[in-house]
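Descriptive analysis of the structure
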Amino acid sequence: MTTTKKLVLIGNGMAGVWTIEHLLKLAPHAYEITIFGAEPHPNYNRILLSTVLAGGASINDIIINDHDWYRDNHITLYTGDPVIRIDADQRQVISASGLHVDYDEVIIATGSRAFIPPIPGSDKDGVIGFRDIKDCETMIATAQTHRKAAVIGGGLLGLEAARGLLNLGMDVTVIHINEHLMDRQLDLPAGLMLQEQLEAQGMKFLLGKRTVELTGKRRVTGLRFTDGESLDADLVVMAVGIRPNIDVAQSSGLTINRGIVVDDHLHTNIPHISAVGECAEHRGIGYGLVAPLYEQGAVLAKRLAGLDTAGYEGSVTSTKLKVAGVDVFSAGQFADTPQTKSLRMQDDIDSIYKKLVIQDGKLIGAVLFGDTSEGSSLFSLIKSGESIVGREKELLTGYAGGATAVSPLQRLESMADDEIVCGCNGVSKAAIGDAVLQQGCHTMGSLKACTKASASCGGCAPLVEGLLQLYAGDSAQVTVKEGMCGCTSLQRDEIVEQIKTMGLKTVKEVMNVLEWREPEGCSKCRPALNYYLGMLFPAEYEDEKESRFTNERYHANIQKDGTYSVVPRIYGGVTSPADLKKIANVAEKYNVPLVKFTGGQRLDLLGIRKEDLPKIWEELDMPSGHAYGKTLRTVKTCVGNTFCRFGTQDAMAMGIKMEKAYERLTGPAKIKLAVSGCPRNCAEATIKDLGLVAIDGGWELHVGGNGGVKVRAAELLCTVKTEEEVMEWSSAYLQYYREHARFNERTAAWIERVGLDHVKEALADQQTRLELVSRIEETLSYTSDPWKEIIAKDELRKNFEPLHQAPLTGSTTSIY
Ligand SMILES: Cc1cc2nc3c(=O)[nH]c(=O)nc-3n(C[C@H](O)[C@H](O)[C@H](O)COP(=O)(O)OP(=O)(O)OC[C@H]3O[C@@H](n4cnc5c(N)ncnc54)[C@H](O)[C@@H]3O)c2cc1C
Ligand SMILES: NC(=O)c1ccc[n+]([C@@H]2O[C@H](COP(=O)([O-])OP(=O)(O)OC[C@H]3O[C@@H](n4cnc5c(N)ncnc54)[C@H](O)[C@@H]3O)[C@@H](O)[C@H]2O)c1
Ligand code: SF4
Ligand code: FES
C-alpha cells in the first residue's frame, strides 16, 4: 500500500498555486498538500491589480481560487503566516507563527518584492511599491485625501500604476531615469510614440531624471533630482524593477545567485526542495512575467506527478502594456546588435510603428505600437524559430497572408496541447480545445468566462480567436471582429445611428451609454468616435484633442527623430515670389535642415523643433496646409489651358477654387484631389480621391483613386459641363463619403466596399445632392485655421513649450 506523500508549497501566489492546480489534474491523490502564504488572501491574479487600480475590477473579481477551492481539494492553507526556514535534515517547514510542518517534497514559490532603491527618504510614509493588494488599497485610499502622485520608473508597472492613479483623479508625474519610456521593452521611436499618447491622456513625464532624495518630515512631500530640480508629491510609487524573495532559501542553505538556482527540472541544490516562479533563477535568468513561470510550473507538476518531462529550457517572453487606449507589444530581442538586421515601419499619421529584428533568417524580436493585431502571430514565429526568408517585408506590413511558409491555421494545429496560449491566465491550447469541444463555448465571451483566456492583458485574443475557429469551425461566433475594435461589438453604422437617435454628444457619453467594454476606449475607437461626433454635430461638438493622433494635435507631422515638418498651404500648387520669400526667410532663420517639394506640389520644411512651430507659423503668416491630418490635403493641378497648348480648361483656376472651397475639411481619412486640363492627365487625377479631367466642353469627375500602398485607378462618377456643376457634384460626393465611410477608410477602400453604382445612385437626385452640399457648407463654416488659433492663444501656445523634453538621441544607461 502506498502512503500519500506530504507536499508543502511556500508562497500562495500565481506560479506556485498554478503548479498545484496542474499537479491536481495530473495526480489528484498523490499528495497531502499544505500551502503557506505571507499575504492574508487566497490566491489571486496579481496581474489584474493594475485593472483594480484603474477601476476596472474589484478585489473579489481577481481571486483565482477562493477558500472553497482549497477545502474542496483538501489543501491546508495558512495565510498571513510566512515561512521562515526549511529544515532539510528534519524535512520540516517552519513558519513565523511557529508551525512545524513535515514534508516529502517542498516547493518554494515566494515570488519577488518591489525593489525600493536606497534613496534617502524612501522609508517615509506615502512611499510604496506596487506589488500586492495592500499597495493597491493604499493607493486607492491616498487618492481620496491627496492629489499629487509621483511614480518612479517608466516601465510596465510604473505606467500601469500611473494610469490607475490618473483614473483615481490624481495629478500624476512619472519620473524615468532613461530617455524613453519602457526602455527594457521598446526602442526610441516606439517609446516616444508611447509618451505622446500617454501625455494626451494627461500623464506627465520627467525623463532622464535621477531622484536623489525624497523630502518631507514623516510623510513624503516631494522629490529632489540630481540636476537640483524638485517636484511636489504626496504619494511616491516605486516601480523600478523587482527583487526575488530569497530569505527562506538563504536561511535554509540553498544555492542562490540573484534568485534561487534551479536546474531544468526545477530542482534546487538540496534534494526534495524545488523552486518555481519569480524567486527562481534558471540558466542565469529570473523571469518577471507569468507565461514563463507557468511553463516552469508545468514541468515541475509533471515531475512531481511522476511523469516524464523533457525539462524546462527557458522562454522567449512577450509583453503588452495594460493601459486602455494604448496598444504596445514587445517580444523577444528588440535591440539591434551587429548580428541582427531589422525592418521598421513608421506611420506618423496614425501613430503606428513596427519593428522586426531578424538574425540568421529567423525572427528573434518584434516591437509593435498602435497596431498590435499581428503580435501573437509574430510571437508564434519567434518561438517556432522557423525561417522567414523571403517574407520579411510581408510580415512587417501585416500582409503575410498566404505568403507564409506555414499558414496561421497550420501553426495553430501544430502547437503542442500543453503550450500556453494565454500567458496571463495560464490557459493551454488543450484547455481551449476542451472548452470549445466539450463545454460548447462557441463565442469569445463564453470562452473567456469559461477559461479566463484573454481576460487580462488581452494580448492573446487573436490566438484564442484562431483556436476558437480551429475547433469550432463554421459554428464559431467570432464577435470581436464585428465591432470597430475590441471595446465594442457594435458596428460603425449602428454606433453612428445610436449617436444620432440618442443625441449622444461626447466620446465619454457614447462609451458609457453604449456600454463599452473598456471604459476609456482604445486608440482605434476614440479617434473614430471623435470624428463621427464632429461630422454629425459640426456646430456644437467640441473636438477632443486627446482623441487625436500626435500629428493632428500638433498640426505638424512628427518625424522619426522627434522633430516636425511644416507644410504651408499653396492653393492649387500655384505660388508667388512673396510667399516663396517668406518660406525662404523662415527656413534660413530657423536653420531648417531640409526644404523639399512634396508629391502634392507643396513646400515642406523638415526638421523643426516642437517649440519653434508657433513662431514659424506666425512668421510664415500662411494658412496651414493640413499635411498632417485626416483632412483635405492638396489639390494638385497641371497648368491647363492658361499655358499648355493641349489644355481645354483652366485647370489651375479650377484647382485653386476647389482647394479654397474645401480647405480644412475633415474626413474619415485624408482626402487628395487633382485637376488635369485635358485627358493627357498630367496632374494624375485618376489616382486621387476625387480627380477632375477636362474634356472638350466640360469635366469628368473620377472618384475612389489611390496612388499609395495599393494603387487603384479612380472610376468615372459623372461628366458635367459647368464649374457650378463640378462644385455641386464634388461637394455632394465628399459629404456623402464623410457621412458613410468608416473612420480611417480612404475613398478607394470605401468605393471598393460599397460599389460605385451605390454612390452614383445615392447622388443621382439633385435634391439629395443639394442637401449634402448644404451640410458640407455648414461644416466648413465652422472651421478655422489651427495655426492662427494657436498663435493667438497663450494657453494653446504653452503646449509647444519644451516642458519635460527627453533628449532625442543618445545612449541608454541604467539603473539602480
Ligand atoms: C501590478 C502588476 C501587474 C502585472 N502585470 C503583469 C502582466 O500583465 N503580465 C505578466 O505576465 N505579468 C505581470 N505581472 C507580474 C506577475 O504578477 C508576476 O510575474 C507573478 O505574479 C509572479 O508569480 P510568483 O508566484 O512567482 O510570485 P507572486 O505572485 O508574487 O507570489 C508569491 C507569493 O509568495 C508570498 N511569499 C513571499 N515570501 C513568503 C514566505 N516566506 N512565506 C510564504 N509566502 C511568501 C508572497 O506574499 C506572494 O503572495 C504584474 C505584476 C504586478 C505587481
Ligand atoms: N503588462 C505587463 O506585462 C506588466 C505590468 C506590470 C508589471 N509587470 C512586471 O512586473 C515587474 C516589475 O515591473 P517594473 O516596471 O517595475 O520593472 P521593469 O524593470 O520592467 O521597469 C523598471 C523601469 O524603471 C526604470 N528605472 C530604474 N531605476 C530607476 C530610477 N532610479 N528612477 C527612475 N526610473 C528607473 C528602468 O529604466 C526601467 O525602465 C516586471 O517583471 C514586469 O515585467 C508586467
Ligand atoms: S493635362 Fe493636358 S492641359 Fe494639363 S499640362 Fe498635361 S497636356 Fe497640358
Ligand atoms: S496573454 Fe494576457 S490575457 Fe491572455
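Predicted, not measured: the structure shown is a model, and the values here were computed from it.

**Things to note about the overall build of the protein**
Tallying secondary structure elements over the protein gives 27 helices and 36 strands in all. Counting only residues that meet the buried cut, the protein has 53% of its 816 residues in that class. Restricting to contacts in the protein with at least 6 residues of sequence separation, those with at least 24 account for 63%. Accessible surface computed for the protein: about 35000 Å², of which carbon and sulfur atoms make up 50%.

**Some thoughts on the environment of glycine 311**
Inspection of the secondary structure puts glycine 311 in the loop between α8 (290-304) and β21 (318-320). Overall, glycine 311 belongs to the buried group, its relative accessible area being 15%. Sequence spacing of glycine 311 and histidine 265 is 46 residues, and the spatial spacing of their C-alpha atoms is 5.2 Å.

**Quick notes on the packing of helix α21 (residues 651-662) against helix α22 (residues 723-740)**
One can describe the packing of α21 onto α22 by two numbers: an axis separation of 12 Å at closest approach and a directional angle of 40°. Comparing the axis directions of α21 and α22 gives the class oblique. For the crossing formed where α21 meets α22, the hand is right-handed. Residues Met654, Lys657, Met658, Ala661 and Tyr662 of α21 form the contact with α22, whose own contacting residues are Glu723, Val726, Met727, Ser730, Ser731 and Leu734. For the contact of α21 with α22, the class distribution of residues is seven nonpolar, two polar and two charged.

**Some words on the site of ligand 3**
Neighbouring ligand 3 are the residues Cys638, Gly640, Cys644, Phe646, Gly647, Gly677, Cys678, Arg680, Asn681 and Cys682. The class makeup of the residues in the shell around ligand 3 is five nonpolar, four polar and one charged.

**Details of the UniProt feature "binding site: siroheme" (unreviewed entry) in the protein**
Feature annotation in UniProt assigns "binding site: siroheme" (unreviewed entry) to the following positions: Cys682. If you trace the backbone, cysteine 682 turns up in the loop between β33 (671-676) and β34 (690-695). In this structure, cysteine 682 is in contact with Cys638 and Ser676, ignoring residues within four places of it in sequence.

**Side note on the pattern of salt bridges**
A side chain of one charge can pair with a side chain of the opposite charge when the charged atoms of the two come close. Per the counting criterion, the structure on display carries 37 salt bridges. Residue aspartate 689 is joined to arginine 746 by a salt bridge in which the shortest nitrogen-to-oxygen separation is 2.9 Å. With aspartate 689 in the loop between β33 and β34 and arginine 746 in the loop between α22 and α23 (747-754), this residue pair connects regions lying 57 residues apart in the sequence. Exposure class is identical for aspartate 689 and arginine 746. Each is buried. Taken together, the salt bridges that share partners define one network made up of Asp187, Asp336, Arg344 and Lys355.

**Topic: unusual backbone geometry**
Positive phi, normally seen in glycine, also occurs at histidine 74, with a value near 55°. Summarising the element assignment, histidine 74 is placed in the loop between α3 (67-72) and β3 (76-78). Although it is not a glycine, asparagine 681 adopts a positive phi angle of roughly 60°. For asparagine 681, the location among the structural elements is in the loop between β33 and β34.

**Notes on the sheet that holds strand β24 (residues 352-359)**
Here we have five strands laid out as an open sheet, ordered β21-β22-β25-β24-β23, and antiparallel in their pairing. Either end of the sheet is taken by a strand with one partner, and the two such strands are β21 and β23 (341-347). Between one strand axis and the next, the sheet turns by 10° as a mean value, whatever way the strands run. Where helix α6 (residues 188-200) meets the sheet, it contacts β22 (328-332), β23, β24 and β25 (362-369), and its direction lies at approximately 25° from that of β25.

**Focus on helix α25 (residues 766-781)**
With 16 residues, α25 ought to run about 22 Å at 1.5 Å a step, and its terminal C-alpha atoms sit 22 Å apart, in line with that. Structurally, α25 contributes buried residues whose contacts are with α21, α22 and α24 (756-763).

**Some words on the packing of aromatic side chains**
Scanning the model with the defined rule gives 10 aromatic pairs in all. A ring pair is formed by tyrosine 531 and tyrosine 532, whose centres lie 5.8 Å apart and whose planes are at 65°; its orientation type is edge-to-face. Ring centres of tryptophan 617 and tryptophan 787 lie 5.0 Å apart, and the angle between their planes is 5°; this geometry places the pair in the stacked category. Separated by 170 residues along the polypeptide, tryptophan 617 in helix α20 (residues 613-620) and tryptophan 787 in helix α26 (residues 786-792) bring together distant segments of the chain. Here tryptophan 617 matches tryptophan 787 in class, with each residue buried. Its end group placed over the ring of phenylalanine 115, arginine 243 keeps NZ or CZ at 3.9 Å from the ring centre. Note that lysine 505 overlies the ring of phenylalanine 537, its terminal NZ or CZ placed 4.6 Å from the centroid.

**Thoughts on the confidence of the model for the protein**
Here the protein shows a mean pLDDT of 89. Residues at 70 or above account for 94%. Low pLDDT, under 50, characterises residues 399-405; the predicted model gives this stretch nine contacts beyond four residues in sequence or across chains. Note on residues 804-816: pLDDT is under 50 here. Beyond four places in sequence and across chains, it has 27 contacts.

The rules we used
Counting of residues starts from 1 at the beginning of each chain's written sequence and follows it residue by residue. As a convention, the first chain written is A and the first ligand written is 1, with the rest following in written order. pLDDT decides what is reported in this predicted model: residues at 70 or higher carry local features, side-chain atom pairs at 80 or more are listed and counted, and totals for whole chains, interfaces and linings draw on all residues regardless. For the side-chain quantities, the full set of heavy atoms in the structure was used; hydrogens and water were omitted. Numbering of helices and strands runs from the N terminus; a helix is a DSSP stretch of H or I covering at least four residues, while a strand is a stretch of E covering at least two. Relative accessible area decides the class of each residue, using a 1.4 Å probe on protein chains only: under 20% of the type maximum gives buried, over 50% gives exposed, and in between gives partly exposed. By definition in these notes, contact holds between two residues if any of their heavy atoms fall within 4.5 Å. Accessible surface is estimated by sampling points in the Shrake-Rupley manner with a 1.4 Å probe; for residues, cover comes only from the protein chains shown. For helices, the fitted line uses only the C-alpha atoms of the stretch in contact; every axis is such a line through C-alpha atoms, and the angle between N-to-C directions lies from 0 to 180 degrees. To sort the angles, those under 35 degrees are grouped as roughly parallel, those over 145 as roughly antiparallel, those from 65 to 115 as roughly perpendicular, and the leftovers as oblique. The handedness criterion is simple: a crossing whose near helix is rotated anticlockwise from the far helix by less than a right angle is left-handed, and one whose near helix is rotated clockwise is right-handed. Gly counts as polar in this scheme, as do all residues outside two lists: the nonpolar Ala, Val, Leu, Ile, Met, Phe, Trp, Tyr, Cys and Pro, and the charged Asp, Glu, Lys and Arg. Any residue with a heavy atom lying within 4 Å of a molecule or strand is counted as near it. UniProt positions are given in the numbering used here, feature names are shortened, and annotations may be inferred rather than shown by experiment. By definition here, a salt bridge exists when the distance from a side-chain nitrogen of Lys or Arg to a carboxyl oxygen of Asp or Glu is within 4 Å. Strand pairing is assigned whenever DSSP identifies at least 2 bridges connecting the two strands. The span expected for a helix works out to 1.5 Å for each residue beyond the first. Stacked, tilted and edge-to-face are the three classes applied to pairs of Phe, Tyr and Trp rings, where Trp contributes its six-membered ring and a pair requires centres within 6.5 Å; stacked means planes under 30 degrees apart, edge-to-face means over 60, and tilted covers the rest. Only when the NZ of Lys or the CZ of Arg is both within 6 Å of the ring centre and within 35 degrees of the ring normal is a charge said to sit over the ring. pLDDT gives the predictor's per-residue confidence on a scale running from 0 to 100.

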